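Structural features, examined
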Amino acid sequence: MKTLFSLVVLVGLFKYSFQQSTCDPKTCVLPNCRCLNDPNIPGKLNVADTPQIILVTLENVINGEYVDIYTSFFELKNPNGCPTHGTFFVQDSGTTYSLVANLAKDGHEIGVFSLDGNLPNDWNKMIKSMLDKLSSSGIDTKSVKGLRAPGLNIGGDEEFIGLGLNGLQYDSSCASAELSRQETMVWPFTYNFVPGPACDIGSGPANPFPGKWEFLISDMNWNGVPCATPSACINVTTKQDAFDLLFNTFRDHYLGNRSPFTLVINPQWAKSDFSREGTIEFLQYVRAAFSDTYIVTMSQALAWIQQPTPLANLTNFAPWMCPKDEKLTYEPVY
Ligand SMILES: *[C@@H]1O[C@H](CO)[C@@H](O)[C@H](O)[C@H]1NC(C)=O
Ligand SMILES: *[C@@H]1O[C@H](CO)[C@@H](O)[C@H](O)[C@H]1NC(C)=O
């Protein structure tokens, strides 16, 4: 009898603690909390009122060789008439910081990647060191909000402690095979509750980090084989393949719950003619054919998520307005 009683108490306790640690969309609310398991579009908007966001993210070395290649993806306008922008995750080694400063001046977002392309031994020190270098190049580090880990190898608690100590707001290093179908894709969420989803490489935080966001990267798929970044997809060999790969992924986001499509562009993908041209064609096509599709930075996307604004009101949505100094001011250095 005593044993049975203990068992009931134990089950009761387990159930209680489980409920305690499950995210409830009624209490975890915007602007600083969003549940992974929230089935709604932010603001409970209808699909038809929701912009499809494309996050073009570029990573690694920013120098004279890459800046022209990378900026060739942004010669387009958004439906509100403002230029399209991307998020550049910078590696220290090999980077020309004056070019990074010019990208920031043009309205692109700057984020942290790595010192030398490898995972850091000490995330906090690496992030701090990158912020110092960006700051001494004249970049306002208050505008540096996010991190992309090399190889999409998300760094668990250590990484998130580093984000917190340095005032960063989000990670975009968790690729997910599981949440990658039209029906399972998710909007960015916060780590107020753990565990988050399984990441393909590395792991998310084991402890909660309230208010820290994850921009999940849904795996792409080519011939039934999943791949987190386009350059990792096997047998994508022509411009048409590159276009189809990106368009198929876009379509899954668009016909699903319109979660932002995070496109990971690394030097390998940007440098090959066929993949770069297929990507440009894809971006041109969606911008011409979809009047509800915006190519914005991650911080702009986060501003929208925190303040969900229907499509009809977007022309006056301040965070997506044109930056004051939108002229291209960088001079390529070779
Ligand atoms: C890639 O293409 C080759 C040649 O068509 C084929 O044999 C191979 O199975 C393909 N690999 C994948 C992963 O699709
Ligand atoms: C959208 O605009 C309409 C008309 O100006 C306004 O009444 C409404 O409150 C706005 N909605 C949001 C969410 O901004």
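See above for the structure.
Residues numbered from 1 in each chain as written. Chains lettered and ligands numbered in written order. Predicted model: local features only at pLDDT ≥ 70, side-chain atom pairs only at ≥ 80, totals over all residues. Heavy atoms only, no water.

Right, let's get into the overall build of the chain. A count of helices and strands for the chain gives nine helices and 15 strands. Since a compact globule built from 334 residues should have a radius of gyration of about 20 Å, the 20 Å found for the chain is in line with a globular shape. When the backbone C-alpha atoms are referred to their principal axes, the chain occupies close to 80 × 45 × 45 Å. Looking at the chain as a whole, 52% of its 334 residues qualify as buried. In the chain, the share of contacts with a sequence separation of at least 24, taken over all contacts with a separation of at least 6, comes to 71%. When the accessible surface of the chain is totalled, it reaches about 14,900 Å², and 54% of it is carbon and sulfur. Each charge class in the chain was averaged separately, 23 positive and 33 negative side chains, and the resulting centres sit 7 Å apart. (Helix = DSSP H or I, 4+ residues; strand = E, 2+ residues; numbered from the N terminus. Rg over C-alpha atoms; globule rule 2.2 N^0.38 Å. Buried < 20%, exposed > 50% of the residue type's maximum accessible area, 1.4 Å probe, protein only. Contact = heavy atoms within 4.5 Å. Areas by Shrake-Rupley, 256 points an atom, 1.4 Å probe, with all protein chains shown as cover. Lys, Arg positive; Asp, Glu negative; His and termini not counted. Charge placed at Lys NZ, Arg CZ, Asp CG, Glu CD.)

Near ligand 1 you find Val 225, Ile 234 and Asn 235, and these make up its full shell. A distance of 2.2 Å separates an oxygen atom of ligand 1 from a polar atom in the side chain of Asn 235. Burial of ligand 1 by the protein amounts to 32% of the accessible area it has alone, namely 360 Å². (Near = heavy atom within 4 Å. Polar contact = N/O pair within 3.5 Å; in protein donor to acceptor, adjacent residues only side chain to side chain.)

This structure, assessed with the given rule, holds five disulfides. Two residues, Cys 28 and Cys 33, share a disulfide whose sulfurs are 2.0 Å apart. Classification of the bridge connecting Cys 28 and Cys 33 rests on its S-S torsion, roughly -105 degrees, and on that basis the disulfide is left-handed. One disulfide bridge connects Cys 227 with Cys 233, the sulfur atoms lying 2.0 Å from each other. Between Cys 227 and Cys 233 the disulfide shows an S-S torsion of about 90 degrees. By sign, it is right-handed. (Disulfide = S-S within 2.5 Å.)

This paragraph deals with the pattern of salt bridges. Enumeration according to the criterion identifies eleven salt bridges in this entry. The salt bridge involving Lys 239 is made with Glu 281; its shortest N-O contact spans 3.3 Å. Placement of Lys 239 in helix α6 (residues 239-255) and of Glu 281 in helix α8 (residues 273-289) is noted, with a sequence separation of 42 residues between them. Two residues, Asp 292 and Arg 258, come together in a salt bridge whose shortest N-O distance is 3.3 Å. With Asp 292 in the loop between α8 and β15 (293-295) and Arg 258 in the loop between α6 and β14 (261-265), the pair connects residues that are 34 residues apart, well separated along the chain. As far as the burial class goes, Asp 292 and Arg 258 line up, both buried. (Salt bridge = Lys/Arg side-chain N within 4 Å of Asp/Glu carboxyl O.)

Before going further, it helps to spend a moment on the packing of α6 against α8. The N-to-C vectors of α6 and α8 enclose an angle of 45 degrees; their axes lie 7 Å apart at closest approach. Judged on the interaxial angle alone, α8 and α6 are oblique. The crossing of α6 and α8 is right-handed. Side by side, α6 and α8 meet where Lys 239, Ala 242, Phe 243, Leu 246, Phe 247 and Phe 250 of the first sit next to Phe 274, Ser 275, Glu 277, Gly 278, Thr 279, Glu 281, Phe 282, Tyr 285 and Val 286 of the second. Looking at the contact of α6 with α8 residue by residue, the classes come out as nine nonpolar, three polar and three charged. (Axes fitted to C-alpha atoms, helices over the stretch in contact; angles between N-to-C directions. Parallel < 35°, antiparallel > 145°, perpendicular 65-115°, else oblique. Left-handed = near helix turned anticlockwise from the far one by under 90°. Nonpolar A, V, L, I, M, F, W, Y, C, P; charged D, E, K, R; others polar.)

Quick look at helix α2 (residues 64-71) now. Burial analysis of α2 places six of its eight residues in the buried class, which makes it a mostly covered element. The N-cap residue of α2 is Asn 63: its side-chain oxygen and the backbone nitrogen of Glu 65 are 3.0 Å apart.

Within the largest apolar cluster, 65 residues are counted, with the highest numbers of intra-cluster contacts made by Ile 54, Tyr 70, Leu 147, Phe 250, Ile 265 and Phe 282. Ranked by size, the runner-up nonpolar core spans 21 residues in total, among them Ile 41, Met 298, Leu 314 and Phe 317. (Core = buried A, V, L, I, M, F, W, Y, C linked by side-chain atoms within 4.5 Å.)

Right, let's get into unusual backbone geometry. For residues that are not glycine, phi is negative in most cases, and the peptide bond is trans in most cases. Omega for the bond connecting Leu 30 with Pro 31 falls within 30 degrees of zero, at 15 degrees, which places this linkage in the cis form. Position of Pro 31 among the secondary structure elements: in the loop between α1 (2-21) and β1 (52-60). The omega torsion across Val 194 and Pro 195 is 0 degrees, close enough to zero to call that bond cis. Residue Lys 44 is not a glycine yet carries a positive backbone phi of 50 degrees.

So, on to the pairing of strand β3 (residues 109-114). Counting buried positions along β3 gives six out of six residues, so the element sits mostly inside the fold. Across five bridges, strand β2 (residues 87-91) lies against β3 in parallel orientation. Among the inter-strand pairings, Gln 91 is bridged to a residue of β3, identified as Ser 114. Each parallel crossover has a hand, and the one from β2 via helix α3 (residues 97-105) to β3 is right-handed. (Pairing = 2+ DSSP bridges. Right-handed = clockwise from strand over helix to strand, strands pointing away.)

As a further point, take the side chain of Thr 297. Position of Thr 297 relative to the elements: it lies in the loop between β15 and α9 (298-306). When near neighbours in sequence (up to four residues on either side) are disregarded, Thr 297 contacts Leu 55, His 85, Gly 86, Thr 87, Gly 107, His 108 and Glu 109.

As a further point, take the packing of aromatic side chains. Here a ring pair, both rings aromatic, is described through the centre-centre distance and the interplanar angle of the planes. Enumeration over the complete set of coordinates arrives at 23 aromatic pairs. Residues Phe 250 and Tyr 254 carry aromatic rings whose centres are separated by 5.5 Å and whose planes lie at 25 degrees to one another, so their mutual orientation is stacked. With a gap of four residues between them, Phe 250 and Tyr 254 both fall in helix α6, about one helical turn apart. The buried category is assigned to Phe 250, whose relative accessible area is 1%. (Phe/Tyr/Trp six-rings, centres within 6.5 Å; stacked < 30°, edge-to-face > 60°.)

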